[in-house]
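Report on the structure
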Amino acid sequence: MPRRKMANEPAAGPCTVVIFGASGDLTKRLLVPALCHLQSFRLLPRNFAMVGVARSITKDASLRAELGKAARELSEIPVADWKKFQRNIFSCAGDFDDPETFRRLSDLLARLEKERGTAGNVLFYLATPANAFAPVVEALGKAGLLQEEKGGWRRVIVEKPFGRDLASAKELNRQLSAVLREDQTYRIDHYLGKETVQNLLVFRFGNALFEPAWNRNYIDNIQITLAETLGVEGRGKFYETAGALRDVLENHVFVLLALIAMEPPTSLQGDGLRNEMGKVLAAIHPFRNSKAVFAHSARGQYRAGKVDGKKIAAYRAEKNVARDSEVETFAALRLEVDNWRWAGVPFYLRTGKALAQRATRIVVEFKTTPLMLFGCGEGPVPPGPNRLIFDIQPQQAITVHFRGKTPGAGMHTERVTMDFDYREFQKDPRANGYETLIYDAMIGDNTLFHRTDLVETAWRIATPVLKAWAAKTPREFPNYAPGSEGPASADKLLLRDGHRWWTPGPQRARAARGSE
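This section reports on the structure supplied with the text.

The rules behind the values
- Residues numbered from 1 in each chain as written.
- Predicted model: local features only at pLDDT ≥ 70, side-chain atom pairs only at ≥ 80, totals over all residues.
- Heavy atoms only, no water.
- Buried < 20%, exposed > 50% of the residue type's maximum accessible area, 1.4 Å probe, protein only.
- Helix = DSSP H or I, 4+ residues; strand = E, 2+ residues; numbered from the N terminus.
- Pairing = 2+ DSSP bridges.
- Polar contact = N/O pair within 3.5 Å; in protein donor to acceptor, adjacent residues only side chain to side chain.
- Contact = heavy atoms within 4.5 Å.
- Expected span 1.5 Å × (residues − 1).
- Axes fitted to C-alpha atoms, helices over the stretch in contact; angles between N-to-C directions.
- Parallel < 35°, antiparallel > 145°, perpendicular 65-115°, else oblique.
- Nonpolar A, V, L, I, M, F, W, Y, C, P; charged D, E, K, R; others polar.
- Left-handed = near helix turned anticlockwise from the far one by under 90°.
- Salt bridge = Lys/Arg side-chain N within 4 Å of Asp/Glu carboxyl O.

In this section: the pairing of strand β4 (residues 122-126). In summary, the side chains of a regular strand alternate between the two faces of the sheet. For β4, a buried count of five out of five residues is recorded, marking the element as mostly surrounded by other parts of the structure. Here β4 shows two buried faces, one formed by Val122, Phe124 and Leu126 and the other by Leu123 and Tyr125. The pairing of strand β1 (residues 15-20) with β4 spans five bridges and is parallel. By the bridge assignment for β4, Val18 is matched with Phe124. Relative to strand β5 (residues 154-158), β4 runs parallel, the two sharing five bridges.

Below, the structure is given as structure tokens:
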């Protein structure tokens, strides 16, 4: 770990994967395709079964048909691959709050252990609403389904969100730890399964070129963007309880910050990586009061408009959204990592919906040279500072910006770029990020999963912002147009420091939108 090609790994040991919420969108779009990909990579064990727990699907054939239809329409799983995989699918119908459901599940797992040789190893995946996490785990415990006997293992993958704030995250962790050991608990964030995210570690710690300059002496600021062109797309009911900060910034973007700022870990196995990520988050001091929050944050909500010629209704006009909703669809923070390496270097984070382009990107801006021997540059593109840019999705690339001389007489300069396109390196486009994480859970490697302290440290940073925003009505909402870069207040976060958000030129932006 991290892997360049999962196909180089040995197949996982015998096990059954039980998915709660088997008929849900997450299962159809991501989990079942990921399991099919693992099968094609020859990483699923020969002794394998998948059990789908859902309220209404009572027959194996019905569940196989429903998941098969989704596999063809949503993921383009090859017919031959699906025919092979569907033989492993079994149904367990019932409500999550009915003890009888778990008795039936226990009987089915015992039968599959005998028929399929799964050795009593079970991976439970909670692809459910967050309010079901603790009740399902508690029910599994009461049914004796988490007991590890005869050398078998039992593990639980918990989807995000891990709470709504610090208090609820602590309560959820308390409820889980009452039934599960920490080494049985796998809090998943699919961003850590993405090849390009893991490649950040390889780039930093596998190369000597940039690491000596990876500190406050050479780096001026770091910008992390996770932008989407889509609106909430019918998910108003969920989004009204979440918002951009809870949904994306507190988890995905904080993960990217920790990876880009961490110290070299002693190991890429077990707690080595997570210890260093935790140190980064612990070095970010929470805002002390609402004045500090509003000085170092920005929020927004989109109005009606167009993105790439497509009409988008205002957020407040979405189904299941209050007409006077104060929920943010854009969030930005200015943070500082208060340690020896990063003291004084601002980290600018932003995420939002209905923006100009879909992009997950980290921009590292280096300080300018102490003596500008070559003036301001007279080429068609102003040189600007040296930059190192990690494009994570939808493009997967690493780009370096530096200054070069334009051909011809005179000492004129302009920006020059060097690009590495990850598609040239990763030939197989099928993986969605969940493959790595599900496989790791099967083999008991928890390196890329969140630990209790990481979850709570992240909420310590985010909770004061949420409280300050909740206490003050955003009277300017809606305050940004679809297809823009977000509200003007986000620009001011950087302008006060003499910086600007970096965005790609029109040609690169069009390429990113076209690859969605």
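From this point, the narrative continues.
For the rest of this paragraph, the subject is helix α12 (residues 434-443). The buried count for α12 comes to nine of ten residues, which makes it a mostly enclosed element. At the exit of α12 stands Gly444, carrying a positive phi of roughly 80°.

This next bit is on the side chain of Ser484. Tracing the backbone through its elements, the reader meets Ser484 in the loop between α13 (452-471) and α14 (488-495). Engagement of the side chain of Ser484 in a polar contact is seen with the backbone nitrogen of Gly486, the distance being 3.2 Å. Filtering out sequence-adjacent residues up to four positions away, Ser484 remains in contact with Ala354, Leu355 and Ala356.

This paragraph deals with helix α2 (residues 60-75). For α2, with 16 residues, the first-to-last C-alpha span of 21 Å sits near the 22 Å given by 1.5 Å per residue. Looking at the buried side of α2, the elements it contacts are α1 (25-40), β2 (48-54), α3 (79-86) and β3 (89-93). Backbone geometry just downstream of α2 places Glu76 in the positive-phi region, at approximately 55°.

Another point: the packing of helix α9 (residues 244-261) against helix α10 (residues 271-282). Between α9 and α10, the shortest axis-to-axis distance is 9 Å and the interhelical angle comes to 105°. Taken together, α9 and α10 sit at an angle that is classed as roughly perpendicular. Contacts between α9 and α10 involve Phe254, Val255, Leu257, Ala258, Leu259 and Ala261 on the former and, on the latter, Met277, Val280 and Leu281. Looking at the contact of α9 with α10 residue by residue, the classes come out as nine nonpolar, no polar and no charged.

Here the focus is the sheet that holds β5. Within the open sheet, the six strands sit side by side as β3-β2-β1-β4-β5-β6. Their pairing is parallel. Each edge of the open sheet carries a strand with a single partner, namely β3 and β6 (185-187). Strand-to-strand, the axes of this sheet are offset by a mean angle of 20°, without reference to chain direction. Alignment of β5 against β6, held across three bridges, turns out to be parallel. Counterpart to Val156 in the pairing with β6 is Thr185.

Further remarks concern the packing of α1 against α12. Running from amino to carboxyl end, α1 crosses α12 at an angle of 65°, the nearest separation of the two axes being 9 Å. It follows from the interaxial angle that α1 and α12 lie roughly perpendicular. The crossing of α1 and α12 is right-handed. Residues Leu26, Leu30, Leu31, Ala34, Leu35, His37 and Leu38 of α1 form the contact with α12, whose own contacting residues are Tyr434, Glu435, Ile438, Tyr439 and Met442.

Once the charged atoms of two side chains with opposite charge are near each other, the side chains can pair. Per the stated rule, a full pass over the model turns up 25 salt bridges. For the salt bridge of Lys28 with Glu66, the shortest nitrogen-to-oxygen distance reads 2.9 Å. Of this pair, Lys28 sits in helix α1 while Glu66 sits in helix α2, placing them 38 residues apart in sequence. Of the charged contacts in the structure, one is a salt bridge between Glu148 and Arg181, with a shortest N-O distance of 3.0 Å.

No statement about biological role is implied by the geometric values presented.
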